Amino acid sequence: MALRPTAIRSVLARQILDSRGRPTVEAEVTLANGASGRASVPSGASRGAAEAFERRDGNPDRFEGRGVLGAVAAVNGEISAAVVGHGAVDQRGLDSLMRELDGTPELSRLGANAILAVSLATVRASATALGQPLHWRLADLAGVTAPTLPMPMVNILSGGLHASRGMDVQDFLMIPMGASTYGQALEWTLRVRVAASSLCEEAGLPTLLADEGGLAPGFADGADALLLMVRAFERAGLRPGEDVAIALDIAASSLTDAEGGYVFHRAGRVLDSAAMIDLLTDWAARFPIVSIEDGLGEEDWAAWPGLTQRLGHIQLVGDDLFATQADRIDRGVREGAGNAALIKINQNGTLSGTLDAIAAAWAGGFATVISARSGETEDAFIADLAVGVAGGQIKIGSVRTSERMAKYNQLLRLEEEGFAFAGFRSLHAANA
Ligand code: 2PG
Ligand code: MG
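Residues numbered from 1 in each chain as written. Chains lettered and ligands numbered in written order. Predicted model: local features only at pLDDT ≥ 70, side-chain atom pairs only at ≥ 80, totals over all residues. Heavy atoms only, no water.

J.: What is the right way to read the sheet that holds strand β3 (residues 36-40) from this model?
T.: Paired through backbone hydrogen bonds, the strands of a sheet run either parallel or antiparallel to each other. Overall, antiparallel pairing links the three strands, which are arranged β1-β2-β3 in an open sheet. Each edge of the open sheet is held by one strand with a lone partner, namely β1 (8-17) and β3. Direction aside, the axes of adjacent strands within the sheet are offset by 15° on average. Looking at chain direction, β1 and strand β2 (residues 23-31) are connected through nine bridges and run antiparallel. Note on β2: the bridge partner recorded for R14 is E26. (Pairing = 2+ DSSP bridges. Helix = DSSP H or I, 4+ residues; strand = E, 2+ residues; numbered from the N terminus. Axes fitted to C-alpha atoms, helices over the stretch in contact; angles between N-to-C directions.)

J.: Help me understand the pattern of salt bridges in this model?
T.: When the charged atoms of two side chains lie near each other, side chains of opposite charge can form a pair. Within the structure shown, the criterion is met by 23 salt bridges. Note that R14 is salt-bridged to E26, the shortest N-O span being 2.6 Å. Pair noted here: R14 is in strand β1 and E26 is in strand β2, with a separation of 12 residues, a long-range link. Judged by its relative accessible area of 29%, R14 falls in the partly exposed class. Residue E26 is classed as buried on the basis of its relative accessible area of 10%. Residue E403 is joined to R404 by a salt bridge in which the shortest nitrogen-to-oxygen separation is 3.1 Å. Here the two residues E403 and R404 agree in accessibility, since each one is buried. Linked by salt bridges that have partners in common, R14, E26, E28 and R38 make up one network. (Salt bridge = Lys/Arg side-chain N within 4 Å of Asp/Glu carboxyl O. Buried < 20%, exposed > 50% of the residue type's maximum accessible area, 1.4 Å probe, protein only.)

J.: What is the right way to read the sheet that holds strand β5 (residues 151-158) from this model?
T.: The strand order around the closed barrel built from eight strands is β5-β6-β7-β10-β11-β12-β13-β14, with neighbouring strands paired in mixed fashion. Within this sheet the neighbouring strands show an average axis-to-axis angle of 30°, counted without direction. Of the pairings in the sheet, the one linking strand β6 (residues 171-175) to strand β7 (residues 245-249) comprises five bridges and is antiparallel in character. Bridge pairing in β7 places M174 opposite I246.

J.: Quick question: what am I supposed to make of helix α3 (residues 112-129) here?
T.: Taking 1.5 Å of rise per residue, 18 residues should cover 26 Å, and α3 covers 25 Å from first to last C-alpha, within 8% of that figure. By the criterion of burial, α3 is predominantly enclosed, with 15 of the 18 residues buried. G131 occupies a position one or two residues after α3 and carries a positive phi of about 70°. (Expected span 1.5 Å × (residues − 1).)

J.: I'm lost on the packing of helix α2 (residues 91-102) against helix α11 (residues 351-363) in this one. Help?
T.: Relative orientation and spacing of two packed helices are given, respectively, by the angle between their axes and the distance between those axes. Orientation of α2 relative to α11, taken along the N-to-C sense of each, is 110°, at an axis distance of 8 Å. Taken together, α2 and α11 sit at an angle that is classed as roughly perpendicular. Seen from α2, the contacting residues are Q91, R92 and D95; seen from α11, they are L351, S352 and D356. Residue composition of the contact of α2 with α11, by class: one nonpolar, two polar and three charged. (Parallel < 35°, antiparallel > 145°, perpendicular 65-115°, else oblique. Contact = heavy atoms within 4.5 Å. Nonpolar A, V, L, I, M, F, W, Y, C, P; charged D, E, K, R; others polar.)

J.: How should I be thinking about the coordination of the magnesium ion (ligand 2) in this particular structure?
T.: Under ideal tetrahedral coordination, the four donors around a metal are separated by 109.5 degrees; under ideal octahedral coordination, the six donors are separated by 90 or 180 degrees. Summarising the metal site, the magnesium ion (ligand 2) is bound by the protein donors D249 (OD), E293 (OE) and D319 (OD), whose distances to it range over 2.0 to 2.2 Å. Considered as a linear motif, the donors of the magnesium ion (ligand 2) on their single chain read D-x43-E-x25-D. On the criterion of sequence distance, the pair formed by D249 in strand β7 and E293 in strand β10 (residues 289-293) is long-range, its members being 44 residues apart. Classification of E293 by relative accessible area gives buried; the value is 1%. (Donors = N, O, S within 2.8 Å, 3.2 Å for Na, K, Ca; no water.)

J.: Teacher, can you tell me more about the domain arrangement of the protein chain here?
T.: Parsing the protein chain into structural domains produces domain 1 (8-131) and domain 2 (148-431). Its C-alpha centre places domain 1 at a distance of 27 Å from the equivalent point of domain 2. With 33 residues of domain 1 at the interface, the matching set in domain 2 holds 29 residues. Counting across the interface, domain 1 meets domain 2 through four salt bridges. One salt bridge in this structure joins D356 and R92, with 2.8 Å as the shortest N-O distance. Along the contact surface separating domain 1 from domain 2 lie 20 residue pairs in polar contact (both at pLDDT 80 or more). Counting residues per element, the ones that place at least two in the side of domain 1 that touches domain 2 are β3, α2 and α3. With seven residues, α3 is the largest single contributor of residues to the side of domain 1 that touches domain 2. Of the residues assigned to the side of domain 1 that touches domain 2, the class counts are 14 nonpolar, nine polar and 10 charged. (Domains from an automatic or database assignment. Polar contact = N/O pair within 3.5 Å; in protein donor to acceptor, adjacent residues only side chain to side chain.)

The structure is reproduced here in structure tokens:
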């Protein structure tokens, strides 16, 4: 078959292992002119019900049922047969083709992990074919003319499903909001991470790493973790609330019981939605908190506008709530549920769908935070994505372990190109 130079010539997938040692899909796409791209798919632990479907084999004899050989076979069989010959530059056409081939809204037949691997590998191949670095190719696809370096939101303390539920709240993060460059933001972050480690050590608390490289001190009361954050900022020689502030990911969906209550196992209490809003308001009054993610659960649409009314002066991010779906973000904008969207490529399942989710957020005046998953690979795709689409913020996990550092280091490389640093206040100004 005579193929145009930028048409897809072959697609090959394999099973590799992620940062938790669990199987995931990696795909390679090669074009007729020899340009090729490779990409792998991340995987979450605190997954939203509305996420695209992660296909796993379920064979208990292999990788605790987490194998992805079925998804790999879908790429090497049905998807390959459908996409070979398709133009790689037409990313949207390719993504639509795979979506139609699957035929389900959540990509459950072939698997979103199968489709996403091909979607991402293809954009790498087309970037090469066009002689463009990946971040510029992504900028073009998103219609962005001025890429920026994102403000990092960095995990320091972990609980929830990332640390055997040692604390009820999933993530205590820092935002080095006073930094004037990405490099400075990263350096301040390392200072805080080191300070937090030594504070834990001095208090006889564990210093071993949670799933995203954060510390897991296991406080029963979230306020104690918040206090440790502030102490770590001070020990790092940074001013709490000015140089550096706190972000939380409550991951409230993973606290929800059958009656819709929020179960704080470690603290020994169950909160209804109003009590949860009161707790977060109290914390935000006592500590320098500038962002709260999933402060309420993914089903709690009725209570979200109340949270926004109480705490809308800070950033309120929907993760499980929106699941990187443009229609759910549209609903959030209409109903006043939060003011920012977390963006995770594998919650959506295709690159084009992810770009649509980002566009929906911006159209509604919401900020975006491009995010990794708790299960990651060495693929630094989201670093290029955050820069290319000028996403504003990026959440990668802690500043430990190579699957995280691969992204932070890619941002250091991109910083050399002289892109403006997004900062943090500018983002609120944009929303005001
Ligand atoms: C989150 C992510 C990343 P997971 O909840 O935001 O921290 O966790 O990938 O486990 O969903
Ligand atoms: Mg989250």
